[in-house]
Amino acid sequence: MNCVICSSDILPQSNGWDKGHNPSPIKEDGRCCEECNSTVVIPTRLSKFMSIEEARELVKENNIE
Ligand SMILES: [Zn+2]
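Here's what I pulled together on the structure shown here. Predicted model, so just to flag it, every value in this text is computed and none were measured.

### Observations regarding the overall build of the chain
Argument step 1. A count of helices and strands for the chain gives 2 helices and 0 strands.
Argument step 2. Since a compact globule built from 65 residues should have a radius of gyration of about 11 Å, the 12 Å found for the chain is in line with a globular shape.
Argument step 3. Dimensions of the chain, computed from the C-alpha atoms along their principal axes, are close to 30 × 25 × 15 Å.
Argument step 4. Out of the 65 residues in the chain, the part that is buried amounts to 18%.
Argument step 5. Looking at the chain alone, contacts between residues at least 24 apart form 22% of all its contacts between residues at least 6 apart.

### Some remarks on helix 1 (residues 34-46)
Argument step 1. Turning to helix 1, its buried residues are Cys36, Asn37, Val41 and Pro43.
Argument step 2. On the buried face of helix 1, the contacting elements are helix 2 (52-62).

### Topic: the packing of helix 1 against helix 2
Argument step 1. As a packed pair, helix 1 and helix 2 sit with axes 8 Å apart at the nearest point and diverge in direction by 120°. Put simply, helix 1 runs oblique to helix 2. As for how helix 1 packs across helix 2, the hand of that crossing is right-handed. Only Ile52, Ala55, Arg56, Leu58 and Val59 of helix 2 make contact with helix 1, whose side of the interface consists of Ser38, Thr39, Ile42, Pro43 and Leu46.
Argument step 2. Across the contact of helix 1 with helix 2, the residue classes break down as 7 nonpolar, 2 polar and 1 charged.

### A word on the environment of glutamate 34
Argument step 1. For glutamate 34, the location among the structural elements is in helix 1.
Argument step 2. Distance in space between the C-alpha atoms of glutamate 34 and threonine 44 is 14 Å, their sequence separation being 10 residues.
Argument step 3. The residues touching glutamate 34, leaving out its near neighbours within four places in the chain, are Gln13 and His21.

### What about unusual backbone geometry?
Argument step 1. Cis geometry marks the peptide bond from serine 24 to proline 25, where omega comes out at 10°.
Argument step 2. With respect to the helices and strands, the residue proline 25 is situated in the segment before helix 1.
Argument step 3. The backbone phi angle of serine 7 is positive, close to 60°, even though this residue is not glycine.
Argument step 4. Take serine 7: it is sitting in the segment before helix 1.

Definitions and limits used
Position numbers for residues count from 1 along each chain, tracking the sequence in the order it is written. Reporting of local features is limited, given that this is a predicted model, to residues whose pLDDT is at least 70; pairs of side-chain atoms are given and counted only at 80 or more, and all residues count toward the totals for whole chains, interfaces and linings. Elements are defined by DSSP. Helices are runs of H or I of four residues or more, strands are runs of E of two residues or more, and each kind is numbered from the N terminus. Only C-alpha atoms enter the radius of gyration; for comparison, a globular chain is expected to reach 2.2 Å times N to the power 0.38, where N is the number of residues. Exposure criterion: with C-beta atoms placed from backbone coordinates, a residue whose C-beta has 20 or more other C-beta atoms within 10 Å is buried, one with 12 or fewer is exposed, and one in between is partly exposed. We call two residues in contact when their backbone-placed C-beta atoms lie within 7 Å. Only C-alpha atoms enter the line fits that serve as axes; for helices the fit covers just the stretch in contact. Angles between N-to-C directions range over 0 to 180 degrees. Just so you know how the angles are binned, under 35 degrees is roughly parallel, over 145 roughly antiparallel, 65 to 115 roughly perpendicular, and the rest oblique. Working rule for handedness: look at the near helix, and if it is turned counterclockwise from the far one by less than a right angle, call the crossing left-handed; if clockwise, right-handed. Throughout this entry, Asp, Glu, Lys and Arg are counted as charged residues, while Ala, Val, Leu, Ile, Met, Phe, Trp, Tyr, Cys and Pro are counted as nonpolar. The remaining residues, Gly among them, count as polar.

Structure (structure tokens):
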């Protein structure tokens, strides 16, 4: 399975989950990888409430899933 955002392979996480992440609101179909989830998808969701830079920092610091 490939990430719909960066099209790289979605690798299993340490907990065995290998189905990737929900890419909404970037894409409405498919799944995205862990990397895109934490650098693009989550910050984009949070950017409704704060700047994208602040959101990225927050995700990095708190490991938001
Ligand atoms: Zn990706």
